[in-house]
Number of protein chains: 2
Amino acid sequence: MTGSVTVIGLGPGDPDLLTRAAEAALARAQDLIGYIPYVARVPERPGLTRHATDNRVEVDRARHALELAAAGRHVAVVSGGDPGVFAMAAAVFEAVEAGHPAWRTLDITVEPGITAMLAAAARLGAPLGGDFCALSLSDNLKPWEVVTARLEAVLRADFVVSLYNPISKARPWQLGRALALTAEIRAPETPVIFARAVSRPDEAIRVLTLAEARETTADMATMVIIGASGTRLIPRGDGVRPYVYTPRSVPA
Amino acid sequence: MTGSVTVIGLGPGDPDLLTRAAEAALARAQDLIGYIPYVARVPERPGLTRHATDNRVEVDRARHALELAAAGRHVAVVSGGDPGVFAMAAAVFEAVEAGHPAWRTLDITVEPGITAMLAAAARLGAPLGGDFCALSLSDNLKPWEVVTARLEAVLRADFVVSLYNPISKARPWQLGRALALTAEIRAPETPVIFARAVSRPDEAIRVLTLAEARETTADMATMVIIGASGTRLIPRGDGVRPYVYTPRSVPA
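Residues numbered from 1 in each chain as written. Chains lettered and ligands numbered in written order. Predicted model: local features only at pLDDT ≥ 70, side-chain atom pairs only at ≥ 80, totals over all residues. Heavy atoms only, no water.

Draft legend 1. Spotlight on the interface of chain A and chain B. In this assembly, 68 residues from chain A lie in contact with 68 residues from chain B. Ranking the residues of chain A by area buried against chain B places A:Arg20, A:Arg150 and A:Arg248 at the top, with a combined share of 13%. Inspection of the region where chain A meets chain B yields 14 salt bridges. Measuring nitrogen to oxygen at the nearest pair gives 2.6 Å for the salt bridge that ties B:Arg232 to A:Glu97. Run the count over chain A and chain B and you get 30 residue pairs in polar contact (both at pLDDT 80 or more). Residue contributions to the side of chain A that touches chain B peak at 7 residues, all from helix H4 (residues 88–98) of chain A. When the residues that make up the side of chain A that touches chain B are grouped by side-chain class, the tally is 42 nonpolar, 10 polar and 16 charged. Pairing geometry for strand E7 (residues 132–136) of chain A and strand E7 (residues 132–136) of chain B, over 3 bridges, is antiparallel. Paired with A:Ala134 across the bridge in E7(B) is B:Phe132. (Contact = heavy atoms within 4.5 Å. Buried area = accessible area lost by both parts, 1.4 Å probe. Salt bridge = Lys/Arg side-chain N within 4 Å of Asp/Glu carboxyl O. Polar contact = N/O pair within 3.5 Å; in protein donor to acceptor, adjacent residues only side chain to side chain. Helix = DSSP H or I, 4+ residues; strand = E, 2+ residues; numbered from the N terminus. Nonpolar A, V, L, I, M, F, W, Y, C, P; charged D, E, K, R; others polar. Pairing = 2+ DSSP bridges.)

The structure is reproduced here in structure tokens:
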């Protein structure tokens, strides 16, 4: 009996933003493993056993998936967005490397998804139109000094910067520090986007300037995108959100 | 008569990697505009007029789409991958900004897609498991000095680096220089991934070390991913490609 693990990206929330491959992988699964709100997005059906867990146990969850697969089950591990971007795929491979040697011969696949920064960018225009970075502001798994050194490097090199995990109850001050560092390097009129719950019923998007941006605008469901020097707004009249885009060209 | 422009990401190639939203947008279109191989991916049907053009005319193509929409047509502009990542979305908004003021009131939307680095990462494991950047190596639209300054910055700050547009007939030497710069900063055993035509029939993936990596391994259809200091291989036995992943943690 040969089991499998498929690590599946559920995208930003709207079921129409799943790929057909992700849908097909969900339909094949016997066990569904993931953080509670992501498991809740997958409809119940006969033959599917659901294992919803808290957010802070990624490697336990990954081990559980691998154990079930080793026992012959077809397991879906679900993440929001893309599972390879600050989500479950890395945790699964950490567990494979540290775990039973036989786990390396299991059938493990990853189904990509629309990650938050691509969903947010699509809503706004093309803010990621030039070179860009994805940086997690969480200092749970890396020292804060590494976070700030990386942020400073990409700000000085004029990348557009997508900040994942900008804020949480346990990490209330990091985004404020990051915005203060940004203000030392980028112009006050630089566009800063707060894109919350994109494609979900409670979607809320704000386009501010760096001078206006405050950490209080973000919550756990928010993606923050800091424009580069070339990032621009296209006004569309009163009461209509402007387009935001970064031109493809960088002048000499 | 109100027309529309939808800029649609076709993903890496496999039709199962489109979102349902992208499929629905293609089904609504009256005109299909894009680079020849992307237009060729969309099946012909009655009521759909196809306008396939060469690769070097992005802004002409964008203007054409906006003119058709202004005349009341429902236009789909297609890109491979995600349209917001080194693709057509930025060109469309450049054309909007420079064009007729009435174009700002058109119904313009962007449907995100699976961009090449996410598709490649999913095939390999989780190489983008930490902080990462997307950098175009093309110096058609930005000075080469900007490309190398950005590459050096993110290499020194220990990001995983995804290189888009690594090489072409007109740009044969840039990737070799980029690999040489990388070798000055990162260890010889750093994993370097050459992921060609992911999810298409001619898919070819090679996992090399930085010491082994040569620009001749890449072509126009290749995405190059340079690992960070933490990026690791998990061997799986003779003749089986190892998993590649970047742990979520960065040690102090």
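Next comes the rest of the write-up.
Draft legend 2. Examining the sheet that holds strand E13 (residues 243–245) of chain A more closely. Pairing is mixed in the open sheet, where 3 strands are placed in the order E6-E13-E12 (chain A). Whereas interior strands pair on both sides, the edge strands pair on one side only; in this sheet they are strand E6 (125–126) and strand E12 (232–234) of chain A.

Draft legend 3. Highlighting the sheet that holds strand E13 (residues 243–245) of chain B. Pairing in this open sheet of 3 strands is mixed, and the strands run E6-E13-E12 (chain B) from one edge to the other. The two strands at the open ends of the sheet, each matched to only one other strand, are strand E6 (125–126) and strand E12 (232–234) of chain B.

Draft legend 4. Up close: the relation of the copies chain A and chain B. Take chain A, turn it by 180 degrees, move it 0.0 Å along the axis, and it overlays chain B with an RMSD of 0.0 Å. The operation mapping one copy onto its partner corresponds to a two-fold rotation axis. A symmetric contact is evident, with 100% of the interface residues of chain A recurring at the interface of chain B. (Least-squares fit on C-alpha atoms with pLDDT ≥ 70 in both.)

Draft legend 5. The arrangement of the environment of B:Trp144 in detail. Residue and element names in this part refer to chain B. For Trp144, the position within the fold is in helix H6 (residues 144–156). Taking the C-alpha atoms as reference points, Trp144 and Gln174, separated by 30 residues in sequence, lie 8.5 Å from one another. Leave out the neighbours within four places in its chain, and Trp144 touches Leu137, Asp139, Trp173, Gln174 and Arg177.

Draft legend 6. Region of the structure containing helix H3 (residues 58–70) of chain B. Residue and element names in this part refer to chain B. Between its first and last C-alpha atoms H3 spans 18 Å; for 13 residues at 1.5 Å apiece the expected length is 18 Å, and the two agree. Where H3 is buried, its residues meet strand E1 (4–9), strand E2 (31–35), strand E3 (49–53), strand E4 (74–79), helix H4 (88–98) and strand E5 (107–111). Following H3 by one or two positions, Gly72 adopts a phi angle in the positive range, close to 100 degrees. (Expected span 1.5 Å × (residues − 1).)

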